[in-house]
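Structural characterization, general
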Amino acid sequence: NAGVTQTPKFQVLKTGQSMTLQCAQDMNHEYMSWYRQDPGMGLRLIHYSVGAGITDQGEVPNGYNVSRSTTEDFPLRLLSAAPSQTSVYFCASSYLDSYNEQFFGPGTRLTVL
Amino acid sequence: QQPVQSPQAVILREGEDAVINCSSSKALYSVHWYRQKHGEAPVFLMILLKGGEQKGHEKISASFNEKKQQSSLYLTASQLSYSGTYFCGTEMGNQFYFGTGTSLTVIP
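First things first, this report covers the structure right here in the doc. (Residues numbered from 1 in each chain as written. Chains lettered and ligands numbered in written order. Predicted model: local features only at pLDDT ≥ 70, side-chain atom pairs only at ≥ 80, totals over all residues. Heavy atoms only, no water.)

**Here we look at the pairing of strand 11 (residues 108-112) of chain A**
All names here are of chain A. Across the two faces of strand 11 the burial differs, with Thr 108, Leu 110 and Val 112 buried and Arg 109 and Thr 111 not buried at all. As paired elements, strand 2 (residues 10-13) and strand 11 share 4 bridges and run parallel to each other. Residue Gln 11 lies in a different strand from strand 11, and its bridge partner there is Leu 110. Note that strand 9 (residues 87-94) and strand 11 share 3 bridges and pair antiparallel. Within strand 11, the position partnered with Tyr 89 by the bridge is Thr 108. (Buried < 20%, exposed > 50% of the residue type's maximum accessible area, 1.4 Å probe, protein only. Helix = DSSP H or I, 4+ residues; strand = E, 2+ residues; numbered from the N terminus. Pairing = 2+ DSSP bridges.)

Shown next, in the form of structure tokens:
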């Protein structure tokens, strides 16, 4: 099993550009989520999904869109990048039961100039 | 809604013990603990559930006080490999909230 994979590992954008961060998992997990990690702020939930076709907003959703067309994939779209979106982004997945561990991808380090 | 952790940072010598605390202003139904090494993704350590059930790491223990809405992670006889940032987390209605983290450094 590859676990949770994310691409790209690094990305530099100019203000106003758009891009999609890819996330995929091969563990048949129902729950998938996106977090951003900023110094001193810990991990903050951006969007999450409890199954294909179902997504919802987390704590910091502004400026981001998600979709979940399959169980395996959960891409995160930045609509118009801003310097405030400079961060490390982690995708995670787990079984829907909250009493299960989350598996994290390796992360994407995004810089917006 | 973000859990609060203390201390923010701690430095230990190998073999020493440490306690990391996590508290929430909201009712806790479960507490998750993760460790993140520099430049890597967070890795699951353990889950504590209401009623005292635990799932997770063999060499790390934790407590969960539901009434006080607090959890503590106990690292005993620390090893160099314990260095990293520790996060507690809690789930509320399918949304997961992590604490701000505790940086633990173990030195020889």
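Structure's up, so let's keep going.
**Some details on the sheet that holds strand 3 (residues 19-25) of chain A**
Residues and elements named next belong to chain A. Strand order in this open sheet of 4 strands is 1-3-8-7, and the pairing throughout is antiparallel. A single partner strand is all that each edge strand has here, and the edge strands are strand 1 (4-7) and strand 7 (64-66). The average undirected angle you get between the axes of adjacent strands in this sheet is 20 degrees. Here 3 bridges tie strand 7 to strand 8 (residues 76-78), and the two strands are oriented antiparallel to one another. Paired with Tyr 64 across the bridge in strand 8 is Leu 78. (Axes fitted to C-alpha atoms, helices over the stretch in contact; angles between N-to-C directions.)

**Let's talk about the pairing of strand 7 (residues 60-65) of chain B**
All names here are of chain B. Only one face of strand 7 is covered, namely the face carrying Ile 60, Ala 62 and Phe 64; the face carrying Ser 61, Ser 63 and Asn 65 is uncovered. Direction of pairing for strand 7 relative to strand 8 (residues 70-75): antiparallel, over a ladder of 6 bridges. Looking at strand 8, one finds that Ala 62 is bridged to Leu 73. In this antiparallel pair of consecutive strands, strand 7 and strand 8, the connection spans 4 residues, and Gln 69 shows a positive phi of 55 degrees.

**Side note on the sheet that holds strand 3 (residues 18-23) of chain B**
Residue and element names in this part refer to chain B. Read from one edge to the other, the open sheet built from 4 strands follows the order 1-3-8-7, with strand pairing classed as antiparallel. Of all the strands in the sheet, just strand 1 (4-6) and strand 7 have a single pairing partner and so form its edges. Neighbour-to-neighbour, the strand axes of this sheet turn through a mean angle of 15 degrees, independent of strand direction. Bridge analysis of strand 3 against strand 8 gives 6 bridges, and the strand direction is antiparallel. Opposite Asn 21, over in strand 8, you have Ser 72 as the bridge partner.

**Examining the state of the cysteines**
Residue and element names in this part refer to chain B. The final tally for this structure, using the stated rule, is 2 disulfides over all chains. Sulfur-sulfur distance for the disulfide between Cys 22 and Cys 88 comes to 2.1 Å. Sign of the S-S torsion, about 75 degrees for the bond between Cys 22 and Cys 88, identifies this disulfide as right-handed. You can see Cys 22 sitting in strand 3 and its partner Cys 88 sitting in strand 9 (residues 84-92), a full 66 residues away along the chain. (Disulfide = S-S within 2.5 Å.)

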